[in-house]
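Examining the three-dimensional arrangement
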Amino acid sequence: MGTLLVKNIHTLVTMDSARRELKDAALFARDGVIEAVGALAEMPAQTADEIIDASAHIVLPGLVNTHHHMFQSLTRVLAQNDELFGWLKTLYPIWSRLTGEAVYTSAKLAMAELILSGCTTSSDHLYIYPNDVRLDDEIHAAQEIGIRFHAARGSMSLGESKGGLPPDRVVEDEQVILRDTRRVIEQYHNPARHAMLRVVVAPCSPFSVTRDLMRESASLARSYGVSLHTHLAENDNDIAYSLEQFGYRPGDYAQDVGWVGADVWHAHCVKLDDREIGLFAHSGTGVCHCPSSNMRLASGIAPIRRMLDSRVKVGLGVDGSASNDAGHLLNEARQAMLLQRAGGNPAALSAREALEIATLGGASVLNRDDIGALAPGMSADFIAFRLDTPAFAGAVHDPVAALIFCASPQVNFSVINGRLVVRDGHLLTTDLPALVAHHNHLSRALINGD
């Protein structure tokens, strides 16, 4: 990878322990790791293998996406007026026709969209495995496009005939699930610092897997030292199902099956009550907030302010591209700020808090201490937006807040693991027009049943 020098940075947002915001700054990285941040004169060298002049840019840590279903980019804008359960029942039959090629292509498209929005690290929750689909399909896409990736081996085992929500034809045998989960962990998971690829154990949800699978998955994950992830407390129907089937609220059910702790994060958590928030805070359990999806499905407003005040780990997620219909992570930070304010408090979430959730918060949720901030020893994952554009006109007196308050642009450049993957707004690691065309071809065939 060699050396990289970014100089003349208009504004550098470090997200370091002092939350410094530096003017006319520089950053130096070697072999994918940051060596110095500060004034240009303080850099280890005044030249490098790659030099970027960022005089008209704001530079910040790469954003971290902690929840997605990338295959859903094939089925956008369907079930437009349904809540979660009705939306799922509409889409399950379509998703049953997924192929490995479709999952690979949709993942690569979703990753491209994320990268252009400022994301440098993403998790993805692939929970449906019809036909020849394997988690490997997404992993190969991530390795080719160059994103830092947490591949979550999801699963569904509880079909309609056994009281679950999904049709029987899209669920798997639990022993098959556990066996394949072991395989992908052993084949792909890298626990090292600065790792580009990690594997997560991720049964889909309490209404699509058995209690036994939740417990066995937790045991399996902890035997390998990998993280756990699922959906929880997404809407009122989710709460009702949990009470009826388990006799517990979702947070209590999670605790009962071993799904709380610093190695666990749950998506949504819209309906957690104060006691459950306290449980998550005390146990170190993380939450992924997906504001656009929660609004699209009318799930409600997650109590993020209360979670933050209770010191719950909170990150951001774009969620699946069929319940958000977009994968713009910077815009998700903007939505998070605005949605908290919709409850009547204009100070419920500040712009800088939203940006912190999208960087350091996501890193914490994924149990990483090497991303989310720009400081010596951290991974060289950072992004830059041009400030001399109509979107930021009139707001350059506070460019950091402008990132969240103003229109959400695409990055001008992005560096992941010390590698330049976006230059002058152009993604360098894939043929984007060809990818979009092939993705649309597969989408039409999937939706039409061809």
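Relevant structure appears above.
The present account deals with the structure reproduced in this document.

Scoring rules and cut-offs
- Residues numbered from 1 in each chain as written.
- Predicted model: local features only at pLDDT ≥ 70, side-chain atom pairs only at ≥ 80, totals over all residues.
- Heavy atoms only, no water.
- Helix = DSSP H or I, 4+ residues; strand = E, 2+ residues; numbered from the N terminus.
- Lys, Arg positive; Asp, Glu negative; His and termini not counted.
- Charge placed at Lys NZ, Arg CZ, Asp CG, Glu CD.
- Buried < 20%, exposed > 50% of the residue type's maximum accessible area, 1.4 Å probe, protein only.
- Arc of directions from axis to C-beta.
- Contact = heavy atoms within 4.5 Å.
- Polar contact = N/O pair within 3.5 Å; in protein donor to acceptor, adjacent residues only side chain to side chain.
- Pairing = 2+ DSSP bridges.
- Salt bridge = Lys/Arg side-chain N within 4 Å of Asp/Glu carboxyl O.

Here we take up the overall build of the protein. Looking only at helices and strands, one finds 14 helices and 17 strands in the protein. With respect to the three principal axes, the spread of C-alpha positions in the protein is 65 × 45 × 40 Å. Separation of charge centres in the protein, based on 38 positive and 52 negative side chains, amounts to 2 Å.

Right, let's get into helix 6 (residues 236-246). Along helix 6, the positions that sit buried rather than exposed are Asp-238, Ile-239, Tyr-241, Ser-242 and Phe-246. The buried side chains of helix 6 occupy one side of the element, clustering within an arc of 160° when seen end-on. In helix 6, those exposed residues whose orientation departs by more than 90 degrees from the buried face are Asp-236 and Glu-244. In the core, the buried residues of helix 6 are packed alongside helix 1 (84-95), helix 5 (211-224), strand 10 (228-232) and helix 7 (250-256). Of the residues that open helix 6, the one with a side-chain oxygen 3.1 Å from the backbone nitrogen of Asn-237 is Asn-235. Once helix 6 ends, the next one or two residues include Gly-247, with phi positive near 75°.

This paragraph deals with the pairing of strand 3 (residues 33-38). Walk down a regular strand and you will see the side chains alternate between the two sheet faces. Across 5 bridges, the pairing between strand 2 (residues 21-30) and strand 3 is antiparallel. By the bridge assignment, Phe-28 is partnered in strand 3 with Ala-36. The antiparallel pairing of strand 2 with strand 3 creates a hairpin that spans 2 residues between the two strands, and Asp-31 there sits at a positive phi of about 50°.

With that settled, consider the pattern of salt bridges. Overall, the coordinates contain 28 salt bridges when judged by the stated rule. Arg-76 is paired through a salt bridge with Glu-113; the nearest N and O atoms lie 2.5 Å apart. With Arg-76 in the loop between strand 6 (63-65) and helix 1 and Glu-113 in helix 2 (residues 100-117), this pair connects stretches of sequence that are 37 residues apart. By relative accessible area, Arg-76 is classed as partly exposed at 24%. Among the residues examined, Glu-113 registers a relative accessible area of 24% and is labelled partly exposed. If you follow the salt bridges from partner to partner, you end up with Arg-134, Asp-136, Arg-153, Glu-172, Asp-180 and Arg-183 in one network.

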